[in-house]
Structure formats: structure tokens, C-alpha cells
Amino acid sequence: MQTGQDSLEKIVCEMTVEIKNADGLHMRPAMQFVDVASRFECDISVSNNENTVDGKSIMQMSMLAASCGTRLKIKAEGTDAQESLNALRELVEDKHFDEPTPNKKKKQ
Amino acid sequence: MEIKKGIAVSPGISIAKSLVIDAEDYRIPRRSIQPSQRMTESQRIRNAFAGAIDELTKLEATQDQTEGGKIKDIFAVHLRFLRDRSLKKKMTDLVHSQLVTAEYAVSATMREIASHFTKVKDAYISERAADIYDIERRLLKQLLGKKREDVEHLTEKTVVVARELSPTQTAGFNREFVKGLATDAGGRTSHTAIVARSLGIPAVVALEDLTETIRAGDTVIIDGNRGIVIVNPDEQTISQYQKYSREFLELEYKLDAIREKPAITRDGTKITLLGNIEFPDEAELVLQKGGEGIGLYRTEFLYLNRETDPTEQDHYEAYAETVSVFHDRPVIIRTVDLGADKYTQSKRFAPEPNPFLGLRSIRFCLQNLVMFKTQLHAILRASVLGQVKIMFPLITNLQEMMQAKFILRDVMEDLDEESIPYNRDIEIGIMIETPSAALTAFTLARDIDFFSLGTNDLVQYTLAVDRGNEQVSTLYSAADPAVLRLIRTVIQDAYKAQIDISICGEMASEPEYIMLLLGLGVKTISITPPMIPEIKQIIRSVTIEDCNNVARKILTMNSERQISGYLRNAARKILPEAF
């Protein structure tokens, strides 16, 4: 994780996360992502290799159609950038949207 | 100025501003707007979002948290989409850059997103396109539902333009201001045509892509005599049409003058002219136009535009209102003819793959006895108020007819038990509108009081042509030799059995067919009220001998083209102004 500071107000943070739940970033996870992102003041953009989208727009997030195993780069700009990334990483990688991962799914 | 050619289905001239309405289940055509309308259309999009959010929030609140967790999630996702500013902006941007309507911007945007999903390889994600279509429908419902209200609350003369009009849409029309109809689809006997004729307003159908070339608010001329629609006419065209419209009204006025005169041929044969009606308040129009009774009282209106089925009292009041207008003159009430094109709006029934060959009309009634008996009870109760007759539609065989009669007897016994008076000798008839009924008319005639030829369905079923499909509608013709042969058989069988025969299909309201029908032996004609004066004028101008000659000649002809050409020429000699 890198942290840069352009000015006193503007903090820019970036990180990469991996989608771990089996069904990927479908509608409900996209909603959870947008809900968490929207709690923060900072601008949040998300990109796969092809596109960069607004992390607070469910339309744009769901159109990324990120399946399990996809790596997404998240960039946050604003005073609470760091906190937002922490919260998002927790949602995507630790909680994997409260959904089963491929391994757990097989066991079930 | 753009001139479009379609099929003229209801006479008259109308010059007015247009109101374009779409149906939710159709693809919304791309339609342009003026740059000055951009703000209005963008605001309509924002209002649609607000309305949809409101609707969905209420829906979400009614969902049970424990059981409806999944559904609640879906609603929550849809709400996030509706609150997504970038989605709304995509649509308003489209309105501004492409100058398209709010409906088109919504539809195009959502379909683009949906197609993005369907292309994703992951099956789970690609199925999400269904959610997008769902949100599209919700937004369109906001936009189009508002428009439907607009039709009901018009404040100036308007012509309504649509791809196709459904009974639910036309039932809400404000008659004072809707002055003409024009549709992309449809044929001479489509619902639009029937409604326009019963309202006495001009209509042109089968215009193919009119809804794509017209903009709401454009001035439109509907020429229901020649089947022409002119979008944004120039000054010269407007004044030409105003002159033509005056001349046409004068002809109508002349025809109205013969209202009091009887429908008798020059050689003294009396023809009975009755009216076809859809709503009770049209009964007055039949009298105004010189009709002698009701030959076809359609009762489907009772079921349309309402949440619950009509009660027996609802039925009774509608019938009593009409019968009281006619006192001792005949009112033929047709039992409910739902199914196929007429009841498909309802979500209560599963869609059928082939509705015109499916559970419709009398078949539907025989399988829904409670509903059927409710109607029969009301008709019988109204039978003491005047000369009421009962008619069963779409009979295809003897058993069906006997079954329907048996149920009627059953209801009569119920009335006896309740000590409710009714006319024990009420006349019972059937519509002959399937080839099987026409071919067995001889047998059916033994157990029934009258026949009524329903030519709309008879033509469709005989020639296997969907009358509403503009790609084959030219094949739909009552002048086809096969149809005419069936009609002749039915008339002859009715004569042999000495029962009454009338004709109530659209064929009888087309001036060119009158001589042929009289020549074939028809003495009772039931038509749409506005056509009564014109048809009477023709009857008063011919002799039965001339008509017999026409019929004899026609029956030797083998092609539809030859027959319709001959009929048109014969009619033109009788009443040149009408053609």
C-alpha cells in the first residue's frame, strides 16, 4: 500500500484486492461495495485491466463484472482515503461479501 | 411535411396536435424532440426516477424480513441503481446530445447495460441482465403511466398516435378531446378500428413506422376516408384539408337528414338496421343515427379496467341502462367474449401460445361457470325491461351450444327459486364465426332461435390470417370466395330452418358489400352506429332485383380481386359521394 500527500487536504491511497467469493462481484456484493464506499467523503475509483469506474456507482461497479479471482485496483482521493481502503479491503478480502469462497462451496 | 399511407378504418378528417403513447411491453421507438424540449424531457427522467424510488421503497417496506430476505436484497439493489446519479446522467446526457425522448433515453441506456451483462462469460453475472430489464420496466411505467393519465385529462383537441392500442388504453380516453387515432399496427377490424368507429372519430392503421417519425406535439392530419396521415402539414395542405373536411361534414349532414326515413329498398323490401355497441352510453348514438335496436351489445367492457370481476348488479345496471333506451325494440346481449386479444392484459391468466385457437369466448365461459352464470342471471333479470335476446359467441359445435343453453336453463331455475321475474321465452341465438359452425349451420339451426354472422372472426379463421398482422393483413378479405360460400350456406340453412339471420361483422358496415349481402338474403344488418345513415342511404338506393343480380354474378367469380373490384364499381354507381 502506498500513501502520497499532494497537499495538506488531498490524500491519495491505492491498493489492490482480489475477489474471493465464488460468485464474483454480482449485484449484491456490488451493492455492499457501493454502500461501504459511499460512507466516505473521498472519491473512490476502481479498475480492472480494461476499465476504471466510480466505486460509488452501482451501475459502474456491477458492469466491471469481476468474477472470482479477479484483481481490482482501488484508488481513493480525499481526507479519509486511508480509512475507506481499510474498510473496503475488509469487505472484499476478509469478509468476501459474507458469501462462500470456492473451497468452502465445494465442502458444502 | 411527411405523408404516410395506411389503411382507413374509420371515416372523417381530423387536424390536431398529436399525443404519442407507447406500451410498456413494446420496444420503445427512437423518436426525436426539438432542442427546446430538452429540459422538459430531462425533467421527466428525473421525475421517473423519483417516482420509481418512491414506489420501490413502499414495496420494500411491505416485504417480510425473515422470509423475503432474498427479495428484499433485490429491491435494495434496484434502489441503489435508481439512486445512482451516473445512471440518471447517462440518460439525460442522451436526451441532450441525441435529442431523443425520455422513454427512448431510458430504454436505450438500460438495454445497453443489459447487453453488456449478457456478454459476460460468468453465467451468474450474465443473468443479472434480468435485473436491468426490471428496472427499465419500472422507469417506463412511470413515464408511460403518466402519459396514460395525460390521455384521460386532455384539455385540447388531440389525435392519439401509438404502435397499437389496447382495450385498457382506449377505455380511458376522454371522448371530448380525442379527435382521431393513428397506429403502426392493426387492420380494418383491429381494436383501434372498432373503437374509432364507435366514437365516430377518424382513424388510420397499419402505418408501420409512424411512431418513429412523429414527435409529440406535432400537428397531424388524419384522413380516415383515404387512409392518409400527414405529419407537420404546410399551410396550403391544412387549408385544403379544412375545405375537404367541411365538404365531408356536409355529406354527413345530408345523410343524417334521412334518419327518420325507413331502410326500405326501392322495390319495397324492409331491411332492419341495428347498431353494434361496446358501452351503454353508445345506445343513444344508435337512436340518433336512426338505428332500430342493438344487434350486438359487447359486454367485455365490464371486465376491463378494473381489479375485480363485475358483480351481478354491475352487469344488471349496464344492461338495464341500455334496454331502457330501446323499450320494446330488440337488444341482443352477447355473453362475454374474453380471451385472445381482449383479456391478455390481465395477469391472472397464464399466456397461451396460440390465444386465437385457445381458451377464449364461450370456451372460457364454459370453464368459468360462476362468472358465466353471474352474467346470465343479470341478463335474465334485465329481460323483463324490454326485448332482450341472448347471444353466445364463438360456437364451434353442437355440444357447446347445447351446453350453453343447458346452463341458461339452470340459471332460469335459480331465478324461479328466488321468485325473480324474467322472460321465459327469451330468444337465444349464436354467433356464426367459425368455419365449423358455418358448415354445420343446418344442424345448429334446429335448436336455436337466431343466427348472427360474425364476419371478423369468420374471415380470420377461414383464411387463416391474423387480422392485426400488417404483413399478412392484405390477405384478410370478406370478399374471398371461400368466405362468401360459407356465408351463403349459413343464410340458406337459416332460411330452411325458418330462423332469423342477421350480420354483425365489420363487413356489413362497408358500403361495397351491402348489395351482395341483400342479394344473398340478409334482411337484418347490425353495424357501428356512425355508419348507419350511409348504409341506409345505399339500401334506399337499390332494388332487391339489382342485389340478386350482383350476388348471382359474384358467386360465379373465383378470385378475391375480381370480386372486390366488381363490388366497388357496383357501389360507386349507387352512392358516388361515399367513395
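Residues numbered from 1 in each chain as written. Chains lettered and ligands numbered in written order. Predicted model: local features only at pLDDT ≥ 70, side-chain atom pairs only at ≥ 80, totals over all residues.

**Here's the deal with the overall build of chain B**
So, step 1. Counting its secondary structure elements, chain B contains 23 helices and 16 strands.
So, step 2. Relative to its 579 residues, chain B shows a buried fraction of 46%.
So, step 3. The contacts of chain B with a sequence gap of at least 6 include a subset with a gap of at least 24, amounting to 69%. (Helix = DSSP H or I, 4+ residues; strand = E, 2+ residues; numbered from the N terminus. Buried ≥ 20, exposed ≤ 12 C-beta atoms within 10 Å, placed from the backbone. Contact = placed C-beta atoms within 7 Å.)

**Here we look at the overall build of chain A**
So, step 1. Within chain A one finds 4 helices and 5 strands.
So, step 2. In sequence order, chain A lays out its α and β elements as β-β-α-β-β-α-β-α-α.
So, step 3. Residues classed as buried in chain A amount to 39% of the 108 residues present.
So, step 4. For chain A, restricting intrachain contacts to residue pairs at least 6 apart in sequence, the fraction spanning at least 24 positions comes to 70%.

**Section: unusual backbone geometry**
So, step 1. Even without a glycine there, the phi angle at H96(A) is positive, about 30°.
So, step 2. Considering the arrangement of structural elements, one finds H96(A) in the loop between helix 3 (81–94) and helix 4 (102–107).
So, step 3. Taking the C-beta count within 10 Å as the criterion, H96(A) has 18 such neighbours and is therefore assigned partly exposed.
So, step 4. Unusually for a residue other than glycine, S361(B) sits at a positive phi of about 55°.
So, step 5. Topologically, S361(B) is positioned in helix 13 (residues 361–367).
So, step 6. In this structure S361(B) comes out as buried when scored by C-beta crowding, with 26 C-beta atoms within 10 Å.

**Some details on the packing of helix 3 (residues 85–98) of chain B against helix 4 (residues 102–119) of chain B**
Residues and elements named next belong to chain B.
So, step 1. In the contact formed by helix 3 and helix 4, the axes pass within 9 Å of each other and the chain directions differ by 130°. Put simply, helix 3 runs oblique to helix 4. The way helix 3 lies across helix 4 gives a crossing that is right-handed. On the side of helix 3, the interface is formed by K90, M91, L94 and V95, while helix 4 contributes A102, A105, V106, A108 and T109.
So, step 2. Among the residues forming the contact of helix 3 with helix 4, the class breakdown is 7 nonpolar, 1 polar and 1 charged. (Axes fitted to C-alpha atoms, helices over the stretch in contact; angles between N-to-C directions. Parallel < 35°, antiparallel > 145°, perpendicular 65-115°, else oblique. Left-handed = near helix turned anticlockwise from the far one by under 90°. Nonpolar A, V, L, I, M, F, W, Y, C, P; charged D, E, K, R; others polar.)

**Section: the interface of chain A and chain B**
So, step 1. Taken together, the 16 residues of chain A in the interface contact 16 residues of chain B.
So, step 2. Elements with a contribution of two residues or more to the side of chain A that touches chain B: helix 1 (27–38) and helix 2 (58–63) of chain A.

**A short note on helix 8 (residues 191–199) of chain B**
Residues and elements named next belong to chain B.
So, step 1. Of all the 9 residues making up helix 8, 8 are buried; the element is thus mostly covered by neighbouring parts of the structure.
So, step 2. Looking at helix 8, one finds that the buried residues are T192, A193, I194, V195, A196, R197, S198 and L199.
So, step 3. Positive phi shows up at G200, right after helix 8, with a value of about 70°.

**Quick word on the sheet that holds strand 1 (residues 2–5) of chain B**
Residues and elements named next belong to chain B.
So, step 1. Across the sheet, which stays open at both edges, the 8 strands sit in the order 1-8-7-3-4-5-6-2 with mixed pairing between neighbours. Of all the strands in the sheet, the pair left with one neighbour each is strand 1 and strand 2 (7–10). Between one strand axis and the next, the sheet turns through 30° on average, direction left out of account.
So, step 2. Contacts between helix 10 (residues 235–256) and the sheet are confined to strand 3 (13–21), strand 7 (219–223) and strand 8 (228–231), with strand 3 contributing the most and set at about 115° to the helix. (Pairing = 2+ DSSP bridges.)

**Focus on the nonpolar core**
So, step 1. If you look at the biggest cluster of nonpolar residues, it comprises 92 residues, and the most contacted ones within it are I294(B), I430(B), I432(B) and V490(B).
So, step 2. Residue contributions to this core peak at 7 residues, all from helix 19 (residues 481–497) of chain B.
So, step 3. Membership of the second largest hydrophobic core comes to 57 residues, among which are C13(A), A66(A), A52(B) and Y104(B). (Core = buried A, V, L, I, M, F, W, Y, C linked by C-beta atoms within 7 Å.)

**A short note on helix 10 of chain B**
So, step 1. Helix length check: helix 10 of chain B, at 22 residues, gives a terminal C-alpha distance of 31 Å against a target of 32 Å (1.5 Å per residue), a fit within 8%.
So, step 2. Counting buried positions over the 22 residues of helix 10 of chain B gives 2, only a small fraction of the element. (Expected span 1.5 Å × (residues − 1).)

**Thoughts on the sheet that holds strand 11 (residues 330–334) of chain B**
All names here are of chain B.
So, step 1. If you trace the 8 strands once around the closed barrel, you get 9-10-11-12-13-14-15-16, paired in parallel fashion. Pairwise comparison of adjacent strand axes, ignoring direction, gives a mean angle of 25° for this sheet.
So, step 2. Pairing analysis gives 4 bridges linking strand 13 (residues 427–432) to strand 14 (residues 450–453), with the strands arranged parallel. Pairing of I430 across the sheet is with F451, part of strand 14.
So, step 3. Taken strand by strand, helix 19 contacts strand 13, strand 14 and strand 15 (500–503), and its axis lies near 165° from that of strand 14.

**Examining the packing of helix 1 (residues 38–62) of chain B against helix 3 of chain B**
Residue and element names in this part refer to chain B.
So, step 1. Taken N-terminus to C-terminus, the directions of helix 1 and helix 3 make an angle of 160°; their axes are 9 Å apart at the nearest point. When the interaxial angle is binned, helix 1 and helix 3 end up roughly antiparallel. For helix 1 against helix 3, the interelement crossing comes out right-handed. Residues R38, E41, S42, I45, R46 and F49 of helix 1 form the contact with helix 3, whose participating residues are K88, M91, T92, V95 and H96.
So, step 2. In terms of residue class, the contact of helix 1 with helix 3 is made up of 4 nonpolar, 3 polar and 4 charged.

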